[in-house]
Structure formats: structure tokens, C-alpha cells
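Inside the fold
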Amino acid sequence: MFLCRLGSLNALSQTRESSFWRRWLGRPLPSPDTIGRVAALMDVGGLRAVGKRVYERLKRSKALDPGPHGLMGAVLDGHETHATFQRRCAGCLQRTIHTTRGERIQYYHRLVAVSLIGRDLRLMLDAEPVRPGEDEVSAALRLLDRVIVAYPRAFDVILGDALYADPRFFNWAVDHGKDALAVLKDDRRDLLQDARRLFEDQAPSIAEDPTFRREWRDLEGFTTWPQVKTPVRVVRSFETRRVRRQLDGEVRQEASDWYWVTTLSRARASTGTVVQWGHSRWDIENQGFNALVNEWRADHVYRHEPTAMLVFWLLAQIGLNVFSAFFRRNLKPAARRVMSMLHVARHVQAELYIPLPRAPT
Ligand SMILES: [Zn+2]
């Protein structure tokens with residue numbers, strides 16, 4: 001279902017008569033109801049072990065190279081899978097929504113996923129649901145505690161958005177011999193103010209061309225965040241870009257101002273590497289999560305039950321990993337030039353449909 005991007009168990013069940021299933025399963029495809037019911041009873045650990053085997057195969061075949069800086073990154077990302085006013089299960093989180101008809105309780109699910117970023121391949125490693133009554137960082141730490149056992153040497157740096165500028169996350173990284181990197185925003189006011197003050201006296205490293213200019217500032221040894229066990233480093237990248245608007249051809253100046261806080265030393269990662277890591281977090285969000293959600297329908301509620309929802313998410317992750325590895329590593333560059341990922345997915349789908357008996361027209 002995921003590899004063909006069918007999007008629902010009902011769409012899958014429309015291929016039940018295909019001889020593909022008898023050939024592969026030795027029996028007809030189970031009904032959507034049975035698949036949903038079985039997903040709720042599955043051993044999630046067993047499924048995570050399948051994901052780990054995919055990682056080990058890729059690692060052994062040298063498909064997971066770090067970038068030129070030699071460091072492997074892992075990215076943490078929170079994702080809300082669905083929200084509803086009506087149905088609830090034991091894993092539902094809840095919040096109060098103020099509507100024109102008064103306050104209403106909304107139920108929703110959220111999970112944290114961790115993915116590896118190599119030079120040109122992204123691999124979704126694992127995911128963990130946020131439980132009722134806890135925050136996302138707590139769920140992320142539970143996820144990291146499991147990931148560090150299963151993948152102790154898979155990554156060097158863990159990246160997160162501003163939510164992860166949190167002492168629990170930074171101290172976890174320090175305790176486990178990893179580096180942490182997070183977006184720095186106003187909620188860490190003391191550290192941010194301290195950095196802004198010191199940066200005023202520092203000459204920036206500047207690079208520019210006719211359309212782009214960036215100013216980098218970089219200082220380490222900040223102790224203004226006493227809850228974190230080690231001094232931290234702050235990097236700022238102020239970027240301006242001239243863009244021509246498609247609508248009226250007018251040239252406009254766009255500026256962005258980023259601060260990151262990290263435990264990475266300057267000896268380990270240059271300013272440019274930190275900036276690259278900081279920005280790559282957003283690429284991941286676009287490439288990893290958006291693909292998983294929009295193209296792979298990973299957050300569709302195939303069955304509203306906590307285990308089933310996690311099982312379907314992990315299956316989608318495994319599907320995406322195998323598919324991306326096949327696309328990037330097995331297909332010849334010439335084939336990749338003429339075939340998009342969607343094109344290849346349609347070929348896989350055709351394998352299901354071609355043997356279908358033809359309906360009378
Ligand atoms: Zn629920």
C-alpha cells in the first residue's frame with residue numbers, strides 16, 4: 001500500500017483479486033478490517049527490528065556517507081498526525097479549542113520521529129508517540145534512549161528546532177557523547193541577549209555576490225545557560241537575498257536572521273558546517289516529512305488505535321527508506337533523469353493492477 005502510494009486500505013483491497021497477492025502471500029489479501037485489526041496487535045519492536053535491518057544493509061553497502069565534514073546528523077521532528085472532535089482512543093492527546101460556539105475539546109495525536117541525514121540519502125530511523133500528559137521533549141528523550149541502544153554509532157550530532165533548545169535534550173547529548181544543535185529563539189532570553197551583546201563587538205565573516213550576502217558570527221564558551229552541563233556555542237547567520245518576484249518582475253530584498261545554539265566545538269565543526277546543519281533541518285522537514293505525509297499518506301488514520309497508528313507510521317518509514325535507497329542507489333543515473341519517484345511508484349503499482357481480471361465493460 002505504501003510502496004504504491006495507494007493511500008488507503010480500501011484502495012488496497014480493490015487489488016484483492018490480483019494474482020500478485022496469491023503469488024506473494026500464497027493466499028488472497030486480507031480484508032481492510034483484518035489488516036487494521038492485526039496492526040493493532042502487532043509487536044512494534046519486531047517492526048523496528050525490520051527498520052534496523054534496512055539501516056544495516058545500507059550501512060554495509062556504504063550507502064550512508066556523511067557529508068564532507070565527516071559528521072552524521074540525526075534530526076528530531078515533532079509531527080501532529082491528525083485532530084478530531086469526535087473520536088478518541090487511549091492514546092489521544094487533548095486540548096481546548098475556542099470556537100464561535102464556545103470551548104470544545106479537540107483530540108489529536110503527535111509523534112516525534114528521528115531521521116539520519118547523510119550526504120545524499122535520508123533515512124527515517126524510528127518514531128515515538130507523545131503520551132497524554134507529557135511534552136514533546138519527554139517523548140523525544142524516550143525515543144533517543146531507544147535509538148542510542150539500537151544505533152549507538154549511527155550519528156554524531158542531533159538537531160532540533162527551537163523546542164529542543166532545552167537543557168534536558170542538551171544534557172542527554174552531553175551524557176551520551178553526542179553533540180546537540182538547536183534553533184535559538186527568544187524563549188532562551190538570557191543566552192540570546194548575551195550572544196547579541198557580544199556579537200556587536202565581533203566583526204562578521206562576510207560573503208557576497210550580486211544577489212546574496214551573508215554575515216556569520218560565531219562565539220563559544222557561553223555559560224549563560226547554567227542548566228546545561230557544558231558551555232555552549234552560538235552561531236548567527238544574517239542573510240539577505242535579492243529576489244525577482246514572478247508576479248510583477250519587481251526586485252525585492254529578503255532577509256533572514258538565524259541563531260543556533262550547539263555543543264559542537266569549532267575544532268569539530270566550522271561556522272559554515274553549523275550553518276549548513278542548521279539549514280538542513282528545514283530541508284529535512286521538506287523532503288522527509290512532507291514526502292512521508294503528502295505522498296506516502298503516513299498520517300492517514302488507517303485505524304484509530306494507538307498501536308495500529310504507530311505500526312502504520314513505521315511501515316510507511318520503512319517503505320520510504322527502501323524506496324529512496326532503491327531510487328538513489330539501484331537505478332542508473334540515466335533512468336533517474338527520465339523517471340521521477342512518482343513514475344517509479346506507478347510502475348510498482350502497475351504490478352498489482354496488470355494481473356487483475358478485467359471487469360466486464
Ligand atoms: Zn486517538
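What this report covers is the structure whose coordinates are included nearby. (Residues numbered from 1 in each chain as written. Predicted model: local features only at pLDDT ≥ 70, side-chain atom pairs only at ≥ 80, totals over all residues. Heavy atoms only, no water.)

A short note on the coordination of the zinc ion
- Within the protein, the atoms that donate to the zinc ion are Cys89 (SG), Cys92 (SG), His109 (NE2) and His304 (NE2), at distances of 2.0 to 2.4 Å.
- Coordination at the zinc ion is tetrahedral: its four donor atoms span angles of 100 to 125° at the metal.
- Every donor residue of the zinc ion comes from the same chain, spaced as C-x2-C-x16-H-x194-H. Here cysteine 92, found in the loop between β1 (73-84) and β2 (93-99), pairs with histidine 109, found in strand β3 (residues 102-117); they are 17 residues apart in sequence, far enough to count as distant.
- Cysteine 92 gets classed as buried once you look at its relative accessible area, which sits at 2%. (Donors = N, O, S within 2.8 Å, 3.2 Å for Na, K, Ca; no water. Tetrahedral: all angles 85-135°; square planar, octahedral: opposite > 155°, others 65-115°. Helix = DSSP H or I, 4+ residues; strand = E, 2+ residues; numbered from the N terminus. Buried < 20%, exposed > 50% of the residue type's maximum accessible area, 1.4 Å probe, protein only.)

Thoughts on the pairing of β1
- The element β1 is largely enclosed, with a buried count of ten among its twelve residues.
- With eleven bridges joining them, β1 and β3 adopt antiparallel strand pairing. In the sheet register, leucine 76 faces β3, and the bridge partner there is valine 114. (Pairing = 2+ DSSP bridges.)

Side note on the packing of aromatic side chains
- Counted by the stated rule, this structure contains eleven aromatic pairs.
- The ring centre of tyrosine 108 lies 3.8 Å from the NZ or CZ of arginine 95, which sits over that ring.
- The ring of phenylalanine 85 has arginine 104 lying over it, and the distance from NZ or CZ to the ring centre is 4.0 Å. (Phe/Tyr/Trp six-rings, centres within 6.5 Å; stacked < 30°, edge-to-face > 60°. Lys NZ or Arg CZ within 6 Å of the ring centre and 35° of its normal.)

Quick notes on the pattern of salt bridges
- Applying the stated criterion across every chain, the model contains 24 salt bridges.
- A salt bridge links aspartate 175 to lysine 229; its shortest N-O distance comes to 2.6 Å. Of this pair, aspartate 175 sits in helix α6 (residues 167-175) while lysine 229 sits in the loop between β8 (212-222) and β9 (232-244); the two residues are 54 residues apart in sequence, bridging distant segments of the chain.
- By relative accessible area, lysine 229 is classed as exposed at 53%.
- It is possible to trace a salt-bridge network through shared partners that takes in Arg48, Asp126, Glu128, Glu134, Arg142 and Arg146. (Salt bridge = Lys/Arg side-chain N within 4 Å of Asp/Glu carboxyl O.)

Section: unusual backbone geometry
- Of note, arginine 5 is a non-glycine position whose phi angle comes to about 55°, a positive value.
- The residue arginine 5 is located in the segment before α1 (9-13) in this model.
- A relative accessible area of 12% means that arginine 5 is categorised as buried.
- Residue lysine 62 is not a glycine yet carries a positive backbone phi of 60°.
- With respect to the element layout, lysine 62 can be found in the loop between α4 (44-60) and β1.
- Among the residues examined, lysine 62 registers a relative accessible area of 62% and is labelled exposed.

Looking at the packing of helix α5 (residues 136-150) against α6
- Orientation of α5 relative to α6, taken along the N-to-C sense of each, is 15°, at an axis distance of 10 Å. Between α5 and α6, the angle falls in the class roughly parallel. Crossing hand, α5 versus α6: right-handed. Contact residues: Val137, Ser138, Leu141, Leu144, Asp145 and Ile148 in α5; Arg168, Phe169 and Trp172 in α6.
- For the contact of α5 with α6, the class distribution of residues is six nonpolar, one polar and two charged. (Axes fitted to C-alpha atoms, helices over the stretch in contact; angles between N-to-C directions. Parallel < 35°, antiparallel > 145°, perpendicular 65-115°, else oblique. Left-handed = near helix turned anticlockwise from the far one by under 90°. Contact = heavy atoms within 4.5 Å. Nonpolar A, V, L, I, M, F, W, Y, C, P; charged D, E, K, R; others polar.)

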